[in-house]
Amino acid sequence: MRNRAAFLLLVAAFGLGSWVGWWTVPAVAALWGWLRPAVPRPILSAGIAAVTAWSFWLTTDVVWDPRAAAVLANQLGAIMRVPPPALYLVTLLFPALLAWSAAALACAAAGYSDSRPGGSR
Amino acid sequence: MAASRARLVLAGAVLAVLLYAGASRVGPVPALGGFLDPAGGAWALARVADLPRRSAARIPGLGAPVEVRYDDRGVPHIFAASEEDAWRAEGYVVARDRLFQLELQTRAAAGTLAELLGPNPRIVAADRTARRRGLGRAADRIFAGLDSTALIARAVRAYAQGVNAWIAGMSRGELPLEYRLLGARPAVWEPRHSLYLFHQMALTLAWDDPTLLRLRVRGLVGAAATEALFPLNSPIQEPIQPNGEAAPRYDFVRPLPPPGVPDTAAELVADARERAGLGLGLSQRRPGDGDAIGSNNWTVGPGRTAAGRALLAGDPHLELTLPSIWYEIHLHVAGGPDVAGVTLVGSPGVIIGFNRNVAWSFTNTGADVRDLYVETVDDSLRPARYRLDGEWRPVERRVEVVRGRHGAVLATDTVYFTHRGPMLREGGRWLSTRWTPFEASRPGEEFLRLDRAATVAEWLDGWKGYVAAAQNGVAADRAGTIAVRSTGKYPVRPGDGRGDELREGSTRAADWTGYLPLELYPFSLNPPQGFLASANQQPVDPRMNPRYFGSNWYSPWRALRINQLLRADSAVTPDAMRRYQTDPGSARADAFVPLFLGSAAALDAGGRSDDTLRRAAKLLAEWDRRYSRDNRRAMLFETAMGQLTRLVWDELVPPAARGDTAAEPVEVPAEAVLLELASDSTSAWWDDRRTPLVERRDAILGAALRRGLLLALRDLGPPDGDGWLWSRAHHANIYHLLRIPALSALDLPVQGGPSTLSPSPGRGNFGPSWRMVVELGPRVRAWATYPGGQSGNPASPRYRDRLETWLAGDLDTVLFPATPAELPAARTRSVLSLTGRR
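Conventions adopted
Per chain, residues are indexed from 1 in the order of the written sequence. Whichever chain is written first is A, and whichever ligand is written first is 1; the rest continue in order. The predicted nature of this model means local features are confined to residues of pLDDT at least 70 and side-chain atom pairs, given and counted, to a pLDDT of 80 or more, with totals for whole chains, interfaces and linings taken over all residues. Put simply, DSSP H or I for four residues or longer makes a helix, DSSP E for two residues or longer makes a strand, and each gets a number counted from the N terminus. Field definition: a residue is buried when 20 or more other C-beta atoms are found within 10 Å of its C-beta, exposed when 12 or fewer are, and partly exposed for counts in between, with C-beta atoms placed from the backbone. Whether two residues are in contact depends on their C-beta atoms, placed from the backbone: they are in contact if these lie within 7 Å. A radius of gyration in this sense is built from C-alpha atoms; the matching globule rule multiplies 2.2 Å by the number of residues raised to 0.38. Pairs of strands are assigned from DSSP output, requiring at least two bridges between the strands. The axes are straight lines fitted to the C-alpha atoms, using for helices just the contacting stretch, and the angles between their N-to-C directions are given from 0 to 180°. Small angles under 35 degrees read as roughly parallel and large ones over 145 as roughly antiparallel, with 65 to 115 read as roughly perpendicular and the rest as oblique. For this scheme, ten residues count as nonpolar: Ala, Val, Leu, Ile, Met, Phe, Trp, Tyr, Cys and Pro. Four count as charged, namely Asp, Glu, Lys and Arg, and the remainder, Gly too, count as polar. Remark: nonpolar core denotes a set of buried Ala, Val, Leu, Ile, Met, Phe, Trp, Tyr and Cys residues whose joining runs through C-beta atoms within 7 Å. Multiplying one less than the number of residues by 1.5 Å gives the expected span of a helix. The quantity known as pLDDT measures the predictor's confidence residue by residue, on a range of 0 to 100. The hand of a helix crossing depends on one turn: near helix anticlockwise from the far one by less than a right angle means left-handed, and clockwise means right-handed.

The next subject is the overall build of chain A. Across its full length, chain A holds 5 helices and 0 strands. Counting from the amino terminus, helix and strand elements in chain A follow one another as α-α-α-α-α. Counting only C-alpha atoms, chain A reaches 50 × 30 × 20 Å along its principal axes. Across the 121 residues in chain A, those meeting the buried criterion constitute 48%. Taking all contacts inside chain A whose residues are at least 6 apart in sequence as the whole, residues at least 24 apart take part in 71%.

Helix and strand content of chain B: 22 helices and 34 strands. Taken over the C-alpha trace, chain B has a radius of gyration of 28 Å; the compact-globule value for 838 residues is 28 Å, and the two agree within 12%. The proportion of buried residues among the 838 residues of chain B is 56%. Once local pairs closer than 6 in sequence are excluded, the contacts in chain B between residues at least 24 apart make up 71%.

Moving on: the pairing of strand E15 (residues 385-388) of chain B. As judged from the 4 bridges shared by E15(B) and strand E16 (residues 391-394) of chain B, these two strands associate in the antiparallel manner. Bridging from a neighbouring strand, B:Arg385 pairs with B:Pro394 of E16(B).

Turning our eyes to something else, we now look at the packing of helix H17 (residues 611-621) of chain B against helix H20 (residues 697-716) of chain B. Residue and element names in this part refer to chain B. Where H17 meets H20, the axes come as close as 9 Å, and the angle between the chain directions of the two elements is 85°. It follows that H17 is roughly perpendicular to H20 by the angle criterion. Facing H17, whose interface residues are Thr-612, Leu-613, Arg-615, Ala-616, Ala-617, Leu-619 and Leu-620, H20 presents Gly-702, Leu-705, Arg-706, Gly-708, Leu-709 and Leu-710. Its residues assigned to classes, the contact of H17 with H20 comprises 8 nonpolar, 3 polar and 2 charged.

A few words now on the nonpolar core. In a soluble, globular protein the nonpolar side chains are often hidden away together inside. Residues and elements named next belong to chain B. With 212 residues, the main nonpolar core has Tyr-92 and Leu-705 as its most contacted residues. It is helix H3 (residues 83-110) that contributes the most residues to this core, 13 residues altogether. Excluding anything up to four places from it in sequence, Tyr-92 contacts Ala-57, Ile-59, Gly-162, Val-163, Ala-165, Trp-166 and Leu-834. Counting 58 residues, the second-largest nonpolar core is a separate cluster that includes Phe-35, Leu-36, Trp-43 and Ala-46.

Here we take up the sheet that holds strand E18 (residues 409-417) of chain B. All names here are of chain B. Read across the sheet, 6 strands follow the order E17-E18-E19-E20-E14-E24 without closing on themselves; strand pairing throughout is mixed. Strands at the two margins of the open sheet, each flanked by one partner only, are strand E17 (396-403) and strand E24 (503-504). In the sheet, E18 pairs with strand E19 (residues 422-426) via 2 bridges, with the strands oriented antiparallel. Among the inter-strand pairings, Tyr-416 is bridged to a residue of E19, identified as Met-423.

Interface size is commonly expressed as the accessible surface area that is lost when the partners come together. Facing 32 residues of chain B, the contacting portion of chain A comprises 31 residues. Elements represented by at least two residues in the side of chain B that touches chain A include exactly helix H1 (2-23) and helix H2 (32-36) of chain B. Tallying contributions element by element places H1(B) first for the side of chain B that touches chain A, with 10 residues. The residue inventory of the side of chain B that touches chain A, partitioned by class, reads 22 nonpolar, 6 polar and 4 charged.

Attention now goes to the sheet that holds strand E33 (residues 812-813) of chain B. Residue and element names in this part refer to chain B. The 6 strands lie next to each other as E27-E6-E7-E31-E32-E33, forming an open sheet whose pairing is antiparallel. If you trace the sheet from one side to the other, it starts and ends with strand E27 (531-534) and E33, each paired once. Of the strand pairs in this sheet, strand E7 (residues 310-315) and strand E31 (residues 771-776) are connected by 5 bridges, and their pairing is antiparallel. Bridge assignment links Gly-314 to a residue of E31, and that residue is Met-772. Along the sheet, helix H15 (residues 574-581) makes contact with E7, E31 and strand E32 (781-785), crossing E7 at roughly 25°.

This paragraph deals with helix H16 (residues 587-605) of chain B. Residue and element names in this part refer to chain B. The end-to-end C-alpha distance of H16, which contains 19 residues, comes to 28 Å, matching closely the 27 Å that a straight helix rising 1.5 Å per residue would cover. Here the buried face of H16 lies against helix H14 (557-567), H17, helix H18 (634-648), helix H19 (671-678) and H20. The positive-phi residue at the C-terminal boundary of H16 is Gly-607, with phi of around 75°.

Right, let's get into helix H9 (residues 192-206) of chain B. Side chains of residues three or four places apart in an α-helix project in the same direction, reflecting 3.6 residues per turn. Along its 15 residues, H9(B) runs 21 Å from first to last C-alpha, staying within 8% of the 21 Å computed at 1.5 Å per residue. Taking burial as the measure, the 15 residues of H9(B) include 14 buried ones, the bulk of the element.

To continue, consider the confidence of the model for chain B. Residues and elements named next belong to chain B. Across chain B, the average pLDDT comes to 93, with 96% of residues at or above 70. Predicted confidence for residues 275-285 stays below pLDDT 50, and this span has 22 contacts to residues more than four positions away or in other chains. As a predicted assembly, this complex carries a pTM of 0.94 together with an ipTM value of 0.93.

So, on to the environment of B:Glu519. With respect to the helices, strands and loops of the structure, B:Glu519 is situated in the loop between strand E25 (514-515) and strand E26 (523-525). Residues B:Glu519 and B:Ala469 lie 50 residues apart in sequence; the distance between their C-alpha atoms is 18 Å.

Residues and elements named next belong to chain B. Most of E19 is tucked away: 4 of the 5 residues are buried. Here E19 runs beside strand E20 (residues 429-435); their pairing, made up of 4 bridges, is antiparallel. What sits directly across from Glu-426, in E20, is Arg-429.

Moving on to the confidence of the model for chain A. Predicted coordinates in regions of low pLDDT should not be interpreted in detail. This prediction gives chain A a mean pLDDT of 89; 92% of its residues lie at or above 70. Residue range residues 117-121 of chain A is modelled with pLDDT below 50. Its contacts to residues more than four positions away, or to other chains, number 9 contacts.

So, on to the environment of B:Arg216. Residue and element names in this part refer to chain B. Relative to the helices and strands, Arg-216 resides in helix H10 (residues 210-229). For Arg-216, a count of 22 C-beta atoms within 10 Å puts it in the buried group. For the pair formed by Arg-216 and Gly-717, sequence separation is 501 residues and the distance between their alpha carbons is 38 Å.

All names here are of chain B. Relative to the assigned elements, Gly-708 resides in helix H20. Overall, the presence of 24 C-beta atoms within 10 Å leaves Gly-708 in the buried class. For the pair Gly-708 and Leu-644, spaced 64 residues apart in the sequence, the C-alpha separation amounts to 8.7 Å. Apart from the residues lying within four places of it in its own chain, the contact partners of Gly-708 are Ala-616, Leu-636, Thr-639, Ala-640 and Gln-643.

Residues and elements named next belong to chain B. Residue Leu-322 is joined to Pro-323 through a cis peptide bond whose omega torsion reads -5°. Here Pro-323 shows up in the loop between strand E9 (321-322) and strand E10 (326-333). Residue Ala-469 is bonded to the preceding Ala-468 through a cis peptide linkage, with omega at -10°. Tracing the backbone through its elements, the reader meets Ala-469 in the loop between helix H13 (456-462) and strand E21 (471-477). Residues other than glycine seldom take positive phi values, yet Asn-536 does so here, at roughly 65°. Residue position: Asn-536 is located in the loop between E27 and H14. One non-glycine residue, Ser-755, adopts positive backbone phi at about 70°. Along the chain, Ser-755 falls in the loop between strand E29 (745-749) and strand E30 (766-768). Taking the C-beta count within 10 Å as the criterion, Ser-755 has 27 such neighbours and is therefore assigned buried.

This brings us to the packing of helix H1 (residues 2-20) of chain A against helix H3 (residues 42-64) of chain A. How two helices pack is summed up by the angle between their axes together with the distance between the axes. Residues and elements named next belong to chain A. Here H1 crosses H3 at 55°, and the two axes come no closer than 8 Å. As summarised for this structure, H1 and H3 are arranged oblique, according to the angle between their axes. For H1 against H3, the interelement crossing comes out right-handed. Side by side, H1 and H3 meet where Phe-7, Leu-10, Val-11, Phe-14, Gly-15 and Ser-18 of the first sit next to Ser-45, Ala-46, Ala-49, Ala-50, Thr-52, Ala-53, Trp-54, Phe-56 and Trp-57 of the second. Class assignment for the residues of the contact of H1 with H3 results in 11 nonpolar, 4 polar and no charged.

So, in structure tokens, the structure goes:
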């Protein structure tokens, strides 16, 4: 239960942080990695939480105005010369990798030897 | 341990790369962080695609609350207590929908595009050209000299407050897509930027100058022939100001002077100008474009309408872009103007439209308002002084620095000015240019006065001081008065008064001596014929008013056609006005098809025909001379006309290129001149000098038709196949402002062809930019549309929601509520409440 709450908290932090700017993704992930909460696979969790948060934003847009979201996806895809699904994929991979890498480095900087809960300093 | 280290290295590398890619632009790819961020990045544009049902904002300086109601066509109806507040709200709503366009247009005039778009060599070249033309400098000077209480000064200040209030309050998600792609932020909008826009429009409408054209042609065929091919007056007289004649008059010269001895001096000057790499900027028209583009407007008095009410149609043709050059708006000021129509993005007020009493629209006069002077300077490379009336006068120098996105210097030019205007070195000589838009003291102010007019008389009075670009304005009011006047400052020149030759600049005696008085402007009020129309033709019959307004006028095909339609209809309805706007009939085809057929028959009778020509004539005779989308014969006529131009005007191909069958003439005379030539079957111009034979008219017309068929068969397939469909051959191409294909609307099949009322030149990127019909009854009613939509956000349903209507030649009913409550709730899409700063 605590693990789930911590994860949801992290998702919320990523989601709200995006309101401020994309750069909050590595910042939040680094903080998460530094604090290293007692959850399974905290570094992986950071990546998944970031994807979840950005997915939430994207899904909200699709639900809010499916026509506009589809039109925009097609236009952005055409401009970037990638299929729209690929652009969505890039949009989700970007925070995932950012969060994972920042959390991993912060974890290491904090002296944890591995990313599993209970790992020793 | 090693695996852990490797993972750390990988994580470090990934983080470094992503942080860099997230924060920095890599080639054409924008910084990914801000771009992909779903909360405030490009994806957020879907969230702001449509207007919220209700919203509120503050605009500094607003005197009283303003209510803006958007109808279901996305048109904001602004209800304000004062004109200033209306303009503030206008700036706000225009910026809300078209912020990127506002900035881009302004920068084009100022020569600062590279600061926004980056160091692309073409962009830098465009900036350098703009600065050499001195548009921004002139706008700055005019703005600095504006009385702060002047109407236009108050308007542009208020407008800027509105624009900047939007910029200041805009959320991250509302940043237009183009800024995201460019990695840029909107610049603060300054009041003088509106003046830049007016100069940019003047550049589009009034920069063309026939001087170079004439030099080029003189260099090939001599002065007399040039005068005949590019005459001062149109050979077909169907003027804007009715001349009392019931039909067009054909002032054909017979015989046309034959090709003469090349004027080598003129050729040298023309070559030098072209080598100068556009210099002050050559014509934006390409050979052959002239007759294919243009605008229409007409008005019908109550005596010739079905309902006994004056009707007015506006149909300005400009470059088609997404978003459109126009923005539709309604400004209602308590106790003041109550006006609807379209405004240029960046201009306060309404430019073309109607109020409760008067409606109006414009076409371009195409007057010659730019002259070139050959200056004598003290230093052929870096002049400091120029000679005037036997004395040396200082040249004003201005160092123009073209900068890139982050202030990097991309180019530095010294631009020189005489008292006439900017000066440029061309082929060892220095030419200065004088241009009327530079001499306006309050550009744009007249449009604000038009918005207030209660009668046609007030409307005419409101823009009597208008300077440039000269416009043929038609107006009608509820009392049934109709009028047209070609208004703008027309320079009065010494000597023969013409402005289409280079002038010697070393004496003030060459300078303009003033402007034509208003009473000599082409004008008509309630003419006996009961209607008035303009389509960029020569504005006044030279027999009635021989003053020089310009030369090389567009062939009056569109004028002939609309006058033909209006003469034939004594009970015109608004729907007929709408239909006329996209009428596929062609006076040009009516003129030339019989010539082709007559020549083919003559050749056949003389035993000089063949099966191909006979087949071509049969196919052409099947044509109804209409450019409807499903037509399968218009293409044959167009290919034959193209061949005719090549065969007839071989003398206008530079000698060095005459061996190349694909070589183009340096300039193509108006088709009205070609028709004039056709009245003389043995003119020397018919001879194709590239052949040993001496050809006459019928041989050339027959050869053109024959070749036209062979080309059509080769390129389009069999005559009854789909390749010959007009809709397959002719398209409108509406490009996004940055020419991004995904944001453009391309290859749109349209009704109309070269020189029909809805013309479309080959590239399809010019055309009807706003179509409007207004009925001036007890309650004014209007119908209108334009290609595109109100929003600049490509994700918005309002980005291109009007395209289908425009393509079909239909119009939407324009809502014109007198109060906010009068706008039906079912048609109210959004309400915006604006207040001043607390």
